[in-house]
Amino acid sequence: MMNKNDIVTVTIEDFTRDGEGIGRADGYTLFIKDAVIGDTVRARITRPKKTYAYARVEEILEPSPDRVKAACPEARRCGGCRLQELSYEKQLVFKRKVVADALSRIGKFPVCTDSEERDGAIEVKPVAGMADPFRYRNKAQYPIACVPVRGDGTGEHREMRIEAGFYAGRTHSLIPVRDCLLTREVNASVLDAFLRYMRENSVTAYDEKTGRGCVRHLLIREGFSTGELLVCPVINAESLPHPDRLIRALSAVPGVRSICVNINRKPGNVILGDVTKALFGDPFITDQLGGLSFRISPRSFYQVNPVQTEVLYREAVRAAGLTGKETVFDLYCGIGTISLSMAKHAKEVYGIEIIPDAVRDARENAERNGIRNAHFYTGAAEDLVARGEFERGVPCPRADVVVLDPPRKGCDPVLIRSVLLMAPERIVYVSCDPATLARDLRLFADGEGDVSYRIQLIQPVDMFPETSHVETVCLLTHS
Ligand code: SAH
């Protein structure tokens, strides 16, 4: 029987899909944060259950040959970079296995991870990684909170200070971080200027427990190719005090082109509210990807790793196998990045997206790139395609190629059914969650009536180095 605070010695044999180490001791399976495959550690049991337990590393007795020193001093407390102590090469091996395991366990597909296809098994290709797996994020959302000054006693009169940072893994306690190594250096200057403005003007930080206070988050977005910065405080108020002083403080940071304020007065974890007001410049920034120019509004989705987005879109365009004659649907299209990347190789492209600001961006992006054969509609993809109309009086044509790029929860089964009924020649599924990808691929493989699909390509792309997330491009053709 294992009890809380027991100390065990254990060798790590595997990872969970979240990147926690798995080891075995006394017939128990142990889940140990911050331990990597190949480590032998002394661990303290934190949460014992019947057959398994969670534990914490007390001491690394023998480090794994794949262990590296975390580049960020806050890596363990922050928890945003679960894999930072694993060599990058091994991170890619791990992610390939995560995709293969999901396809096999959830999708019940025969898979392999070597290049020779065995007995009809589907090969999960090696993960396309980055040359430099840091400083890749073009977007960061920093929680702002009033926290005790570090090193100060715990007495009643401890000094409090407004800080920006990240939440410690699975909690809402803020760890002050100015220079996260996944983000650009310039973010630290933006945060400094913003926090100084807050302190000098007695602007309060939002307190989740009481629902009082003003600033909840600071959103920073950067166009990597243009260097343009958008800064957007998210506030629990109708306006910020002394906006002129905020503009002066922030526009002194090189690159700041746009300052907006987003209003979110609802309790809960959703970061952005529905209303965004421009305080300075245009309420968007621009960026270039794959030779196209895009405008991006604060509420629109835009891939966070532009270097790898080019790799991802290249794979998606190649998988689509376009000859110039095809009608393409880009479902869950965001600001139209995939649609416009495909438009020059296709006859017509139709994008569907649920966020109206993003659809506005998509239409504007078609125009600014002189693309006339891409058309965008607002709505839930599952509703519009099932209804057979993009909007009233605009019937959906039949698509030859359907691109699906849903959020983590995957596609609605109604949409999968509609796509099966349409029976396009090719389906390109771009997924940020291998579990929902596997679930949805199973539905396509089982099919509807005499239409079903087989997997032709599984190409994972590392969009999120140092974290346990992985993106996958998948091509389906008729079986
Ligand atoms: N393909 C785009 C966006 C992918 S992210 C890109 O690469 O940038 C997924 C997008 O789906 C988001 O923009 C989100 O707003 C949108 N979305 C979420 N649910 C949707 C639904 N039911 N129908 C259509 N779009 C949806």
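Quantities reported herein were computed from a predicted structural model and do not represent experimental measurements.

Undergrad: For this particular structure, what's the right way to read the pairing of strand E5 (residues 52-62)?
TA: Side chains on a regular strand alternate between the two faces of the sheet. Inspection of the sheet shows strand E3 (residues 28-33) paired to E5 by 5 bridges, in the parallel sense. Directly across from Thr29, in E5, lies its bridge partner Tyr52. Bridge analysis of strand E4 (residues 40-48) against E5 gives 8 bridges, and the strand direction is antiparallel. Opposite Pro48, over in E5, you have Ala53 as the bridge partner. Here E4 hands over to E5 after 3 residues, the two strands then running antiparallel side by side.

Undergrad: Explain the domain arrangement of the protein here, please?
TA: Interface size, as often reported, equals the accessible area lost upon joining of the parts. The domains assigned to the protein are domain 1 (7-62), domain 2 (139-283) and domain 3 (292-478). Here domain 1 and domain 2 have C-alpha centroids that lie 36 Å from each other.

Undergrad: Explain the packing of helix H3 (residues 186-200) against helix H4 (residues 243-251) here, please?
TA: Two quantities define a packed helix pair, namely the angle between the axes and the distance from one axis to the other. Packing of H3 against H4 leaves a shortest axis separation of 9 Å and a crossing angle of 155°. When the axis of H3 is compared with that of H4, the two are roughly antiparallel. The handedness of the crossing between H3 and H4 is right-handed. Taking contact as the criterion, the partners of Val190, Ala193, Phe194 and Tyr197 in H3 are, on H4, Arg245, Leu246, Ala249 and Leu250. Looking at side-chain class alone, the contact of H3 with H4 contains 7 nonpolar, no polar and 1 charged residues.

Undergrad: Explanation requested: the site of the ligand in the structure shown.
TA: By nearness alone, 17 residues border the ligand, and Gln303, Tyr313, Glu353, Ala381 and Asp405 come closest of all. Within the backbone of Ile354, an N or O atom sits 3.3 Å from a nitrogen atom of the ligand. Contacts to the ligand include Asp405, whose side-chain N or O atom sits 2.8 Å from a nitrogen atom. In isolation the ligand exposes 580 Å². Once the protein is present, 90% of that is buried. Put simply, the parts of the chain that give the shell around the ligand at least two residues each are helix H6 (337-343) and helix H8 (381-387). Class assignment of the residues belonging to the shell around the ligand gives a composition of 10 nonpolar, 4 polar and 3 charged.

Undergrad: Sorry, what's going on with the side chain of Ser300 here?
TA: Summarising the element assignment, Ser300 is placed in the loop between strand E16 (292-296) and helix H5 (306-320). Contacts of Ser300, omitting those with residues within four sequence positions, involve Arg221, Ile335, Asp357, Ala358 and Asp361.

Undergrad: Sorry if this is basic, but what is going on with the sheet that holds strand E9 (residues 160-167) here?
TA: Strand pairing in a sheet is mediated by backbone hydrogen bonds. Such pairs are either parallel or antiparallel. Spatially, E10-E9-E8-E11-E12-E13-E14 is the arrangement adopted by the 7 strands of the open sheet, whose pairing is mixed. In this open sheet, the two edge strands, each paired with only one partner strand, are strand E10 (174-176) and strand E14 (275-280). Adjacent strand axes in the sheet meet at a mean angle of 35°, parallel and antiparallel pairs treated alike. Bridging between strand E11 (residues 215-222) and strand E12 (residues 229-235) involves 7 bridges; their strand directions are antiparallel. Following the sheet pairing, Glu222 is matched in E12 by Leu229. The strands that H3 touches are strand E8 (139-148), E9, E11 and E12; relative to E11, the one it contacts most, it runs at about 150°.

Undergrad: I would appreciate a short explanation of the sheet that holds E3 in the present structure.
TA: If you walk around this closed barrel you meet the 5 strands as E1-E2-E3-E5-E4, and the pairing is mixed. Shown here is a sheet whose adjacent strand axes are inclined to one another by a mean of 50°, direction ignored. Judged from the 3 bridges that link them, strand E1 (residues 7-15) and strand E2 (residues 21-25) form a sheet pairing that is antiparallel. Looking across to E2, one finds that Phe15 is bridged to Gly21.

Undergrad: I keep staring at the packing of helix H9 (residues 413-422) against helix H10 (residues 434-446) and nothing clicks. Help me out?
TA: Two numbers describe how H9 lies on H10: the axes approach to 10 Å, and their chain directions differ by 35°. For the pair H9 and H10, the sense of crossing is right-handed. For the pair formed by H9 and H10, the contact residues are Ile416, Val419 and Leu420 on the first element and Asp440, Leu443 and Phe444 on the second. Residue composition of the contact of H9 with H10, by class: 5 nonpolar, no polar and 1 charged.

Each value, and the rule that gives it
Residues numbered from 1 in each chain as written. Predicted model: local features only at pLDDT ≥ 70, side-chain atom pairs only at ≥ 80, totals over all residues. Heavy atoms only, no water. Pairing = 2+ DSSP bridges. Helix = DSSP H or I, 4+ residues; strand = E, 2+ residues; numbered from the N terminus. Domains from an automatic or database assignment. Axes fitted to C-alpha atoms, helices over the stretch in contact; angles between N-to-C directions. Parallel < 35°, antiparallel > 145°, perpendicular 65-115°, else oblique. Left-handed = near helix turned anticlockwise from the far one by under 90°. Contact = heavy atoms within 4.5 Å. Nonpolar A, V, L, I, M, F, W, Y, C, P; charged D, E, K, R; others polar. Near = heavy atom within 4 Å. Polar contact = N/O pair within 3.5 Å; in protein donor to acceptor, adjacent residues only side chain to side chain. Areas by Shrake-Rupley, 256 points an atom, 1.4 Å probe, with all protein chains shown as cover.

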